[in-house]
Amino acid sequence: LKQGGNAIGVMLGNGWAVMDQRFGEPIITAFSSPALFLQIHIDLEDGKRLVVASDTTWKTARGPVVSDSIYDGEVYDARQEISGWDQPGFVDSVWVSAKPAKPTGGVVSAQMMPPIRVIDTLVPLKMMHPRPGVYVYDFGQNFSGWARLKVKGPEGAAVRMRFSELAYENGMINRENIRRARAEDTYFLKGDGTEVYEPRFTYHGFRYVEVTGFPGTPSLDSIRGRLVHTDVEPTGSFVSSNPMLNAIQKITRWGLRTNLHSVQTDCDQRDERMGWMGDLQTTAEMAMMNFDMAAF
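Remember, it's a predicted structure, so these values are computed and weren't measured experimentally.

> Help me understand a nonpolar patch on the surface in this model?
A cluster of nonpolar side chains, Ile8, Val10, Leu12 and Leu36, forms an exposed patch at the surface whose accessible area comes to about 280 Å². Mapping Val10 onto the fold places it in the segment before β1 (21-22).

Structural data, given as structure tokens:
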């Protein structure tokens with residue numbers, strides 16, 4: 001908050017509650033599109049409390065996120081960005097009023113567990129060039145999250161990033177194990193100098209990133225990996241004189257971290273990422289020995 005006018009701007013996208021398919025098949029959810037239920041409590045210096053809540057007086061408009069899905073990825077058109085949309089004084093006369101959404105039922109409460117956020121940034125180990133116009137980045141290990149793209153080029157150029165855990169001997173990515181998940185992000189340039197893009201409403205499980213449509217020739221600096229999961233605090237560790245045991249401990253921790261996305265999933269890459277109870281039973285003690293899992 002600051003002196004004078006203030007504004008609240010929110011970008012909405014799909015997630016666990018709003019998706020159009022599961023196991024590659026169409027599904028029906030409570031909402032056909034994302035909805036916002038927001039309530040802000042502001043404690044003033046004089047002891048009074050100001051409450052700001054979302055209602056039908058709020059305004060909405062389509063933004064640069066053309067489409068988004070946990071399984072299929074995000075399409076972002078930077079040409080559709082709206083300058084100043086989340087700042088005081090923005091003229092929203094052509095925007096439409098928000099519509100009331102039907103509640104899902106049950107007790108609505110704020111999320112008590114730590115949020116999903118970017119935990120770390122990974123640098124690719126190498127970039128391969130298996131075919132003309134095709135560039136494949138290798139991060140050396142699997143992780144969950146997305147790729148941050150840095151690019152400069154003409155307006156309307158489309159850069160596509162596809163994700164995989166495996167690669168063929170010829171350097172092309174191998175996506176057989178992700179089945180029907182599209183697992184790709186597409187960015188349309190606005191043509192305004194160096195542009196940096198990373199998605200907001202999807203995540204992938206991957207080691208390799210295939211980049212096509214890049215204007216010119218990319219470098220290792222064009223792509224960074226963003227490790228993303230529920231931000232549970234590390235509480236335990238293990239090290240020994242046996243390299244094999246240390247390696248088991250390392251891959252165990254990574255296997256758990258990449259599957260903590262509000263629910264504990266069984267995988268982070270394919271067209272099925274469910275919170276199966278059997279998976280949780282077999283990993284619960286390991287999880288609690290390594291991380292603060294109480295709220296989760």
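Following the structure, the description resumes.
> Help me understand the environment of Trp16 in this model?
Note that Trp16 resides in the segment before β1. Through-space distance from the C-alpha of Trp16 to that of His261 is 9.7 Å; in sequence the pair is 245 residues apart. In this structure Trp16 touches Ile70, Tyr71, Tyr203, His261, Ser262, Val263, Thr265 and Arg273, once residues within four positions along its chain are discounted.

> Would you take a moment to explain the packing of aromatic side chains for this structure?
Think of a pair of aromatic rings as described by two things: how far the centres are apart, and how the planes are tilted against each other in angle. Within the structure shown, the criterion is met by eight aromatic pairs. Here the aromatic rings of Phe143 and Phe206 are separated by 4.4 Å at their centres, their planes lie at 55°, and the arrangement is tilted. Of this pair, Phe143 sits in strand β11 (residues 134-152) while Phe206 sits in strand β17 (residues 204-212), and the two are 63 residues apart along the sequence. On the accessibility criterion, Phe143 (1% relative accessible area) is buried. Ring geometry for Phe163 versus Phe206: centroids 4.8 Å apart, planes at 65°, classification edge-to-face. Separated by 43 residues along the polypeptide, Phe163 in strand β12 (residues 158-164) and Phe206 in strand β17 bring together distant segments of the chain. Note on accessibility: Phe163 and Phe206 belong to one class, buried.

> Looking at this structure, how should I read the packing of helix α1 (residues 243-257) against helix α2 (residues 277-290)?
Orientation of α1 relative to α2, taken along the N-to-C sense of each, is 100°, at an axis distance of 11 Å. Our classification of the angle between α1 and α2 gives roughly perpendicular. Mapping the contact onto sequence places Gln249, Thr252, Arg253 and Leu256 in α1 and Met286, Ala287 and Asn290 in α2.

> I'm lost on unusual backbone geometry in this one. Help?
With a phi angle near 55°, Arg179 is a residue other than glycine that sits in the positive phi range. Topologically, Arg179 is positioned in the loop between β14 (173-174) and β15 (184-188). Positive phi, close to 70°, is recorded for Ser262, a residue that is not glycine. Looking at the secondary structure, you find Ser262 in the loop between β19 (260-261) and β20 (263-264). Its relative accessible area of 22% is what places Ser262 among the partly exposed residues.

Rules and cut-offs
Residues numbered from 1 in each chain as written. Predicted model: local features only at pLDDT ≥ 70, side-chain atom pairs only at ≥ 80, totals over all residues. Heavy atoms only, no water. Patch = residues over 30% accessible without salt bridge, like charges linked within 9 Å, V, L, I, M, F, W, Y side chains within 5 Å. Areas by Shrake-Rupley, 256 points an atom, 1.4 Å probe, with all protein chains shown as cover. Salt bridge = Lys/Arg side-chain N within 4 Å of Asp/Glu carboxyl O. Helix = DSSP H or I, 4+ residues; strand = E, 2+ residues; numbered from the N terminus. Contact = heavy atoms within 4.5 Å. Phe/Tyr/Trp six-rings, centres within 6.5 Å; stacked < 30°, edge-to-face > 60°. Buried < 20%, exposed > 50% of the residue type's maximum accessible area, 1.4 Å probe, protein only. Axes fitted to C-alpha atoms, helices over the stretch in contact; angles between N-to-C directions. Parallel < 35°, antiparallel > 145°, perpendicular 65-115°, else oblique.

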